[in-house]
Amino acid sequence: MSTPPSAPTHAEIQSLLSTSAYDPAVIPRLESYVRAQLSTVASSLVASQSPARYSFEANRTLIKLYQFFPQLTAAAGGEGAGEGVTSLVGFLALLSWPETDFVALGCLIPERVQSVEPFATLVRCNELLESCRFSSFWPEFRKLGIPEYGAPEGQTSVSDDRRLLADAVNGSRASHQIRVSMIRMLAKTYKSAPLSYVLSALDLKDEASLSSFASKVMFMTSGKGGGCENEMPIVEKVEGGFVTFVSSVDNSKRVGSAFKEGVNYQAVAAMMCKSKLRSQ
């Protein structure tokens, strides 16, 4: 899927935000840019080469404009035009996890929008990511790849925006992006974890698929004495039914960092007694 010819570029959007961020006339341009971002996710185009890079600022501005001018999100084609694009914005924010873009946008989106599909499923997906229930995340995420999922009973047509969302979910890029964030989180939490657990969390079939995926996910490690950083695969080895992640300050025991109490109880009690006597 290619970026629509009429979609503005990232540079054009940045210029627009600096001059007309609160002008409702820019809503169509911002909506077009949201769709272009989804098209990039759904396509095989390298993200860095796309004229429509992810922009939280642009997407947040659009949601704010929906708040300020609700009359401009009137129903179109059986679905609220603003609500359909809002789901696209939510999906793009979800892909940025563990950044808090989705939570930040949630404060600006009405409950009535968040409670209907497909945004309701996006909310559930974000809750599962935030609580690191990765194996439960994937079945919910795949529901978004079904254009008809959650459609009102009797509705026979599916909007273009809903199909665009399904295309992005069913493409390989979105899953890969989330999977990379997940394995980074696992590597921060565990030095070693059962292979079965890691495969379930990442929704991968077997050891071979994990090894192939992990070999492309790099981790920056500090050199000796805190010197220059070295880049190496995030998984050190898979052996004996366990996955060993590369050592880091997050997953390794800190030497010499045991807590030492600086003030004992007797000293604190004495200070409290003196303070009480002075107040009398």
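Bear in mind that the values here come from a model prediction, so they are computed numbers and not experimental data. (Residues numbered from 1 in each chain as written. Predicted model: local features only at pLDDT ≥ 70, side-chain atom pairs only at ≥ 80, totals over all residues. Heavy atoms only, no water.)

What follows deals with the packing of aromatic side chains. A complete count under the given rule lists eight aromatic pairs for this structure. Judged by centre distance (5.8 Å) and plane angle (80 degrees), the ring pair of Tyr190 and Tyr197 falls under edge-to-face. Overall, Tyr190 belongs to the partly exposed group, its relative accessible area being 30%. Classification of Tyr197 as partly exposed rests on a relative accessible area of 35%. Of the aromatic side chains, those joined through ring pairs into one cluster are Phe91, Phe137, Trp138 and Phe141. (Phe/Tyr/Trp six-rings, centres within 6.5 Å; stacked < 30°, edge-to-face > 60°. Buried < 20%, exposed > 50% of the residue type's maximum accessible area, 1.4 Å probe, protein only.)

To continue, consider the pattern of salt bridges. If you walk through the whole model with that rule in mind, you get nine salt bridges. Where Arg35 meets Asp161, a salt bridge forms, and the shortest distance between an N and an O atom there is 2.7 Å. One end of the pair, Arg35, is in helix H2 (residues 27–42); the other, Asp161, is in helix H9 (residues 160–170), and 126 residues separate them in sequence. Given the relative accessible area of 27%, Arg35 is considered partly exposed. (Salt bridge = Lys/Arg side-chain N within 4 Å of Asp/Glu carboxyl O. Helix = DSSP H or I, 4+ residues; strand = E, 2+ residues; numbered from the N terminus.)

We now examine the pairing of strand S7 (residues 242–245). Relative to S7, strand S3 (residues 192–194) is paired through three bridges, and the arrangement is antiparallel. Bridging from a neighbouring strand, Ala193 pairs with Val243 of S7. Examined bridge by bridge, strand S6 (residues 235–239) and S7 share four bridges and lie antiparallel to one another. Residue pairing in the sheet places Lys237 in a bridge with Thr244 of S7. Between S6 and S7, which pair antiparallel one after the other, the connecting turn spans two residues, and Gly240 there sits at a positive phi close to 60 degrees. (Pairing = 2+ DSSP bridges.)

Time to look at the confidence of the model for the protein. Chain-level statistics for the protein give a pLDDT mean of 86 and a share of 84% at 70 or above. The least confident element of the protein, judged by mean pLDDT, is strand S1 (residues 75–76) at 34; the most confident is helix H8 (residues 134–143) at 98. For residues 75–79, every residue scores under 50 in pLDDT, and the model assigns this stretch six contacts once sequence neighbours within four places are set aside. (pLDDT = per-residue confidence, 0-100. Contact = heavy atoms within 4.5 Å.)

The next thing to look at is the packing of helix H1 (residues 10–20) against helix H3 (residues 56–68). Think of two packed helices as two axes; the pair is described by the angle between the axes and how far apart they sit. Orientation of H1 relative to H3, taken along the N-to-C sense of each, is 50 degrees, at an axis distance of 10 Å. In this view, H1 runs oblique relative to H3, as classed from their interaxial angle. Helix-helix and strand crossings are classified by hand; for H1 and H3 the assignment is left-handed. From H1, Ile13, Gln14 and Leu17 reach across to H3, where they touch Glu57, Ala58 and Thr61. Looking at side-chain class alone, the contact of H1 with H3 contains three nonpolar, two polar and one charged residues. (Axes fitted to C-alpha atoms, helices over the stretch in contact; angles between N-to-C directions. Parallel < 35°, antiparallel > 145°, perpendicular 65-115°, else oblique. Left-handed = near helix turned anticlockwise from the far one by under 90°. Nonpolar A, V, L, I, M, F, W, Y, C, P; charged D, E, K, R; others polar.)

What follows covers the environment of Asp167. Its place among the elements puts Asp167 in helix H9. Between the C-alpha atom of Asp167 and that of Val41, which follows or precedes it by 126 residues, the distance is 8.7 Å.

Turning next to the sheet that holds S3. If you trace the three strands from one edge of the open sheet to the other, you get S3-S7-S6, paired in antiparallel fashion. The sheet is open, and its two edges are formed by S3 and S6, each paired on a single side. Between one strand axis and the next, the sheet turns by 20 degrees as a mean value, whatever way the strands run. Set on the sheet, helix H11 (residues 195–202) makes contact with S3, S6 and S7; between it and S3 the angle comes to about 80 degrees.

This next bit is on helix H7 (residues 119–130). Given a rise of 1.5 Å per residue, 12 residues ought to cover 16 Å, and the 16 Å separating the end C-alpha atoms of H7 matches this to within 8%. Counting buried positions along H7 gives nine out of 12 residues, so the element sits mostly inside the fold. All buried positions along H7 are accounted for by Phe119, Ala120, Thr121, Leu122, Val123, Cys125, Asn126, Leu128 and Leu129. Backbone geometry just after H7 places Cys132 at a positive phi near 60 degrees. (Expected span 1.5 Å × (residues − 1).)

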